[in-house]
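In case you want the letters, here they are:
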Amino acid sequence: MKRALITGITGQDGSYLAEFLLARTDYEVHGLVRRSSSLNRQRIDHLFALDRSVSDRLHLHYADLADASSLAMVMELVRPDEVYNLGAQSHVRVSFDQPLYTADVVGLGTLRLLEAVRHLNRSQPVRFYQASSSEMYGSAPPPQGLDTPFHPRSPYACAKLYAHWQTINYREAYGLFACSGILFNHESPRRGESFVTRKATLGATRIKEGLQKKLVMGNLDARRDWGFAGDYVRAMWLMLQHDKPDDYVVATGQTFSVRALLELAFSLVGLDYQDFVEFDTRYTRPSEVDVLLGDPSKAMNVLGWKPEVDFRGLITMMVEHDLELARRERFASTYRQT
Ligand code: NAP
Ligand code: G4F
């Protein structure tokens, strides 16, 4: 049995990665969870309801990327073969409101974890995956690949870049098997509700079901290379199975505007987005990343990775999921009124 430790297991990617590893029968999965006043495990609850041959291989531990001693304790207790560092304050807009917190968790948090991994690596081999981000490219002109110089445009992106270089330095300085995956935007029905794709699919479907009248958005001209999270966690795993630690870009190689996203999401429920979408500066950023378009050729050639879900398939999947949620909510409210 291999042991994997995932920070951020309660998040979108953490939940897909845990599911992916548990589906392979040779993994025990350990997840790091934060203490909060109410439980936040909706994305992984279903894994505990599975057959015991699966659920018995999933274990949660309290710790926090801001707390080095808790990371060291979990590392010592679990003694993982693979560590996936997915934990983060991952919202770019919010990072402008909480730059120090973001730098602490995203930047120093990775360093704290790397130190715990380095210590364990002295007595057993540990492989480390860092969740780096296409946000690090910021204003670099597209397409962005491994040779593109970084130009981060937010506190989040600066913190991710710090963590990216620390990961590379631990590989070069200590010979750690450390990989940095520079992942472009990836989405799913489990995407946090304030990210733009989910906001669009929830908005369109709730408007369709009469639960909401309008959708207030920011910059519709920004373009992103959007893929499916389920495809992207496979790339994380492939990086740690390779015989040599390295860095990779994971992307679809296609880019669409937020406007095109809205057009598609609304058209899938038979509506025209222009009748419902309004603009508010509340949702703009002090400095924006205009265009992201990744070059995933190395991941494809070296790891044999390729995305299986395209932009249309992704948004259709999310709209279908959110339409079902909206219908249930409408039914529950009608039922309450009668
Ligand atoms: P997400 O849904 O926002 O999940 C973030 C996870 O980090 C949650 O489990 C969260 O726990 C945890 N976390 C937050 N602060 C923490 C702390 N102080 N200590 C420990 N854990 C903490 O993010 P995601 O979309 O799954 O992304 C996964 C990782 O990939 C993140 O590092 C993100 O920055 C990076 N990334 C994402 C994308 C993308 O498009 N999704 C692209 C490139 C890189 P709670 O549930 O308790 O809040
Ligand atoms: O969905 P977003 O908030 O994602 P963003 O900023 O690209 O960051 C995501 O992807 C990164 C990878 O590149 C990750 F590292 C990061 O953790 C996160 O997962 O915004 C996408 C675009 C932006 O240009 C934003 O300005 O959509 C634009 N946008 C327009 N209206 C909006 C809105 N974004 C949000 N969140 N909400 C809006 O109302």
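Use the structure listed above.
If you're wondering where the values come from, they're calculated on a predicted model, not measured in any experiment.

(A) Looking closely at the nonpolar core. If you look at the biggest cluster of nonpolar residues, it comprises 60 residues, and the most contacted ones within it are Tyr84 and Leu262. It is helix α9 (residues 229-241) that contributes the most residues to this core, eight residues altogether. Two domains each provide a minimum of three residues to this core, namely domain 1 (2-188 + 226-250) and domain 2 (196-223 + 255-291 + 310-337). Contacts of leucine 262, omitting those with residues within four sequence positions, involve Ala200, Leu215, Met217, Leu220, Tyr273 and Val277. Formed by 20 residues, the second largest nonpolar core is a distinct cluster that contains Ala63, Met75, Leu114 and Tyr170.

(B) Quick peek at the site of ligand 2. Near ligand 2, the surroundings consist of 23 residues, among which Ser133, Ser134, Tyr156, Arg285 and Glu288 are the closest. One of the side-chain N or O atoms of arginine 224 is found 2.8 Å from an oxygen atom in ligand 2. Across the complex, the protein chains shield 96% of the 710 Å² of accessible surface that ligand 2 would expose by itself.

(C) Seen up close, the site of ligand 1. Near ligand 1, the surroundings consist of 26 residues, among which Thr10, Asn40, Asp64, Ser90 and Tyr156 are the closest. Between an oxygen atom of ligand 1 and a main-chain N or O atom of alanine 88, the distance comes to 3.0 Å. For ligand 1, an oxygen atom lies 2.8 Å from a polar atom in the side chain of lysine 160. Look at ligand 1: alone it shows 900 Å² of surface, and the protein chains cover 90% of it. At the level of elements, α1 (12-23), α6 (99-121), β5 (127-133) and α7 (155-174) are the ones that each hand at least two residues to the shell around ligand 1. The greatest single-element share of the shell around ligand 1, amounting to three residues, is contributed by β5. Taken together, the residues of the shell around ligand 1 sort by class into 10 nonpolar, 11 polar and five charged.

(D) How the structure looks around the packing of helix α8 (residues 196-208) against helix α10 (residues 258-268). At a minimum axis distance of 9 Å, the contact between α8 and α10 shows a crossing angle of 30 degrees. By the angle between their directions, the pair α8 and α10 is classed as roughly parallel. Viewed along their axes, α8 and α10 form a crossing whose handedness is right-handed. Of α10, the residues touching α8 (which contributes Val196, Thr197, Ala200, Thr201, Ala204 and Ile207) are Val258, Leu261, Leu262, Ala265 and Phe266. Classifying every residue of the contact of α8 with α10 gives nine nonpolar, two polar and no charged.

(E) Representation of α10. Inspection of α10 places Val258, Leu261, Leu262, Leu264, Ala265 and Phe266 among the buried residues, and these make up the whole buried set. Those residues of α10 that are buried lie in contact with α8, β8 (215-217), β12 (256-257), β13 (277-279) and α12 (311-337). Of the residues trailing α10, glycine 270 is marked for its positive phi of about 75 degrees.

Reading guide: rules and limits
Residues numbered from 1 in each chain as written. Chains lettered and ligands numbered in written order. Predicted model: local features only at pLDDT ≥ 70, side-chain atom pairs only at ≥ 80, totals over all residues. Heavy atoms only, no water. Core = buried A, V, L, I, M, F, W, Y, C linked by side-chain atoms within 4.5 Å. Buried < 20%, exposed > 50% of the residue type's maximum accessible area, 1.4 Å probe, protein only. Helix = DSSP H or I, 4+ residues; strand = E, 2+ residues; numbered from the N terminus. Domains from an automatic or database assignment. Contact = heavy atoms within 4.5 Å. Near = heavy atom within 4 Å. Polar contact = N/O pair within 3.5 Å; in protein donor to acceptor, adjacent residues only side chain to side chain. Areas by Shrake-Rupley, 256 points an atom, 1.4 Å probe, with all protein chains shown as cover. Nonpolar A, V, L, I, M, F, W, Y, C, P; charged D, E, K, R; others polar. Axes fitted to C-alpha atoms, helices over the stretch in contact; angles between N-to-C directions. Parallel < 35°, antiparallel > 145°, perpendicular 65-115°, else oblique. Left-handed = near helix turned anticlockwise from the far one by under 90°.

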